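# Survey of secondary and tertiary structure
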Amino acid sequence: MNYILLTQQGGILKPFAWALGKIFEVIYSALDMVGIESIGLCIIVFTIIVRLFLLPMSIKQQKFTKLNAVMSPEITAIQNKYKGKKDQQSQMNMNAEIQAVYDKYGVSPAGSCLQIVIQMPILFALYRVIYNVPAYVGQVKNYYMNIINDMTPAQISEYFKIKVDSVSKLSGVDTNNIIDALYGYTRAKVKLPEGIDLATVVEAVGTDKAEAALKNINKINHFFMFDLQLSPGYMYHNGTKIAVIIPILAALSQFVVSQITMSMNKSNTQTKGAEENPMMSSMKTMNYVFPFMSAFMCWQFPSALGIYWVVSSTVMLIQQVGLNLYFNKVSVDDLIAESKAKAEKKREKRGFTANMISNAAAMNATLNDNNNSNNSSNASLTRKQKEEQYEKAMEKHNNSISSDKNSISARANMVREFDNKKK
């Protein structure tokens, strides 16, 4: 099925790209109102706004990092306690004890991963917007439309292999495919012939309207000495040697951010057992790999993405320094208390209280102890005898907490008594 906005990102990223595209378009329009038409400046403002939007998630990640430094030795001790024990009961007990540590500090085991998962579609969609600006900014798209509208059917057939009787009969899909090709979008379904570029097409069209559109396109895509549509590698090999600064700055800013993050993790994990955490060694490796990846990608892709990468890393660097200064002054005990309070509120909203959870854990421990102590004799017991043993364990536990009307067991007893009466 074809869509009018074919040049926009599709699939699961489509709503994210659409929302970010609207923000980008608003920024572009606002700058245009004050006489500034610049995609480069728009990218800078856009990147700062998106990074500020993601700041709360960065704060949560930082909190998790600080709390994880306290939890890691305890979790490592539990894992060492059950090291080599592969039976189901031991694994269940280990998981229960580790979960108890997370509950103790009011932290979710997936807390840090969740923040990253939430950010990923936003960042990927952001790349798509910057990579194909005409698909999301109407003013930019109109410049390309001015060129297309002055083309003849023969020119459209020659350059884009699309046959029409007149330009007015071009479908929305074909129009957007032509704009993709003129803009140089690498995933365009229509490609210009080898050696033909936008300037060549406009020269062949030869109208004042098309030449004025080309002039505006060149103006909005030039940022300092860089053409945002071209890759730094292409510009470097065609005489703009200064273009090499984009991948260098991208790699350098990424490396500095990684080192600051790593130094904070080291200062937070100067505790016994921290060096046993394999995550630290893998993070150290990636801190050196990512800057090289950044440099390579910024060298190969349009410099618009390189500008975004440099600005994004710079904003992250400022945020990271600020967060480090703030969290160095915050007591870990205060963070734990705050985290536990928030976790308790969430449990209460779901209908659970700390007392109910502890009672459930106590009941589980009682049943586990009973099962472990009678493990050898249970093999020869009949099903009826096992059921009687289970009932006795339940009765013993219920008697020990009968005073707590809000406990899980008390509520379970009420349901059971109600069912018995119905029978």
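The residue count restarts for each chain, going from 1 along the sequence in the order it is written. Local features in this predicted model are restricted to residues of pLDDT 70 or higher, and side-chain atom pairs are both shown and tallied only at a pLDDT of 80 or more, whereas totals for entire chains, interfaces and linings draw on every residue. The basis for every side-chain value is the complete set of non-hydrogen atoms in the structure, without hydrogens or water.

Okay, the overall build of the protein chain next. Where helices and strands are cited, they refer to DSSP runs of H or I of at least four residues and of E of at least two residues respectively, numbered from the N terminus. Along its length, the protein chain carries 19 helices and two strands. Note on exposure labels: buried denotes an accessible area under 20% of the residue type's maximum, exposed denotes more than 50%, and partly exposed covers the range between, all computed with a 1.4 Å probe on protein chains only. Evaluated residue by residue, the protein chain yields a buried proportion of 42% over its 423 residues. In the protein chain, 71% of the contacts between residues at least 6 apart in sequence involve partners at least 24 apart. Of the roughly 24200 Å² that the protein chain leaves accessible, carbon and sulfur atoms contribute 60%. Note on contacts: a residue pair qualifies if any of its non-hydrogen atoms lie within 4.5 Å across the two residues. What sets the accessible areas is the Shrake-Rupley method with a 1.4 Å probe; for residues, cover comes only from the shown protein chains.

Moving on to the pattern of salt bridges. Put simply, a salt bridge is a Lys or Arg side-chain nitrogen that is within 4 Å of an Asp or Glu carboxyl oxygen. Under the definition given, this model contains four salt bridges. Lys 22 is the salt-bridge partner of Glu 25, the closest N and O atoms lying 3.9 Å from each other. With Glu 25 and Lys 22 both in helix H1 (residues 14–33), this residue pair falls three residues apart, about one helical turn. The shortest N-O distance in the salt bridge between Asp 165 and Lys 169 comes to 3.9 Å. Judged by relative accessible area, which is 57%, Lys 169 ranks as exposed.

By the element assignment, Tyr 159 lies in helix H7 (residues 153–160). Tyr 159 sits 34 residues away from Pro 193 along the chain, and the two C-alpha atoms are 6.4 Å apart. Among all residues touching Tyr 159, those that are not within four sequence positions of it are Met 151, Lys 191, Leu 192, Pro 193, Ile 196, Thr 200, Val 201 and Ala 204.

Another aspect to go through is empty space enclosed by the protein. Only protein atoms enter the calculation, which uses a 1 Å grid: trapped sets of points that fit a 1.4 Å probe without letting it out are cavities, open sets showing protein on both sides within 12 Å along at least five of seven lines are pockets, and any residue with an atom within 4 Å of a point is a lining residue. Grid points are joined across faces, edges and corners, and a volume is the space filled by probe spheres set on the points. Counted by the stated rule, this structure contains one cavity of 30 Å³ or more. Every residue along the wall of the largest cavity is listed here: Ile 130, Tyr 131, Tyr 183, Gly 184, Tyr 185, Thr 186, Leu 228, Gln 229, Pro 302, Ala 304 and Leu 305. Of all the secondary-structure elements, those providing two or more residues to the lining of the largest cavity are helix H5 (111–131) and helix H14 (303–328).

Another aspect to go through is the packing of H1 against helix H6 (residues 138–149). Axis lines are fitted through C-alpha atoms, for helices just across the contact stretch, and the angle between N-to-C directions can take any value from 0 to 180 degrees. For the pair H1 and H6, interaxial distance at closest approach is 9 Å and the crossing angle is 80°. In terms of orientation, H1 lies roughly perpendicular with respect to H6. Contact residues: Glu 25, Tyr 28 and Ser 29 in H1; Gly 138, Gln 139, Val 140 and Tyr 143 in H6. Considered class by class, the residues forming the contact of H1 with H6 number three nonpolar, three polar and one charged. Any angle between 65 and 115 degrees counts as roughly perpendicular, while under 35 counts as roughly parallel, over 145 as roughly antiparallel, and the rest as oblique. Polar here means any residue outside two lists: the nonpolar Ala, Val, Leu, Ile, Met, Phe, Trp, Tyr, Cys and Pro, and the charged Asp, Glu, Lys and Arg; Gly therefore counts as polar.

Tracing the chain through its elements places Ser 312 in helix H14. Those residues in contact with Ser 312 that lie beyond four places of it in its chain are Thr 47 and Arg 51.

Here the focus is the environment of Glu 344. By the element assignment, Glu 344 lies in helix H15 (residues 332–349). Sequence separation between Glu 344 and Asp 103 is 241 residues, and the spatial gap between their C-alpha atoms is 9.5 Å.

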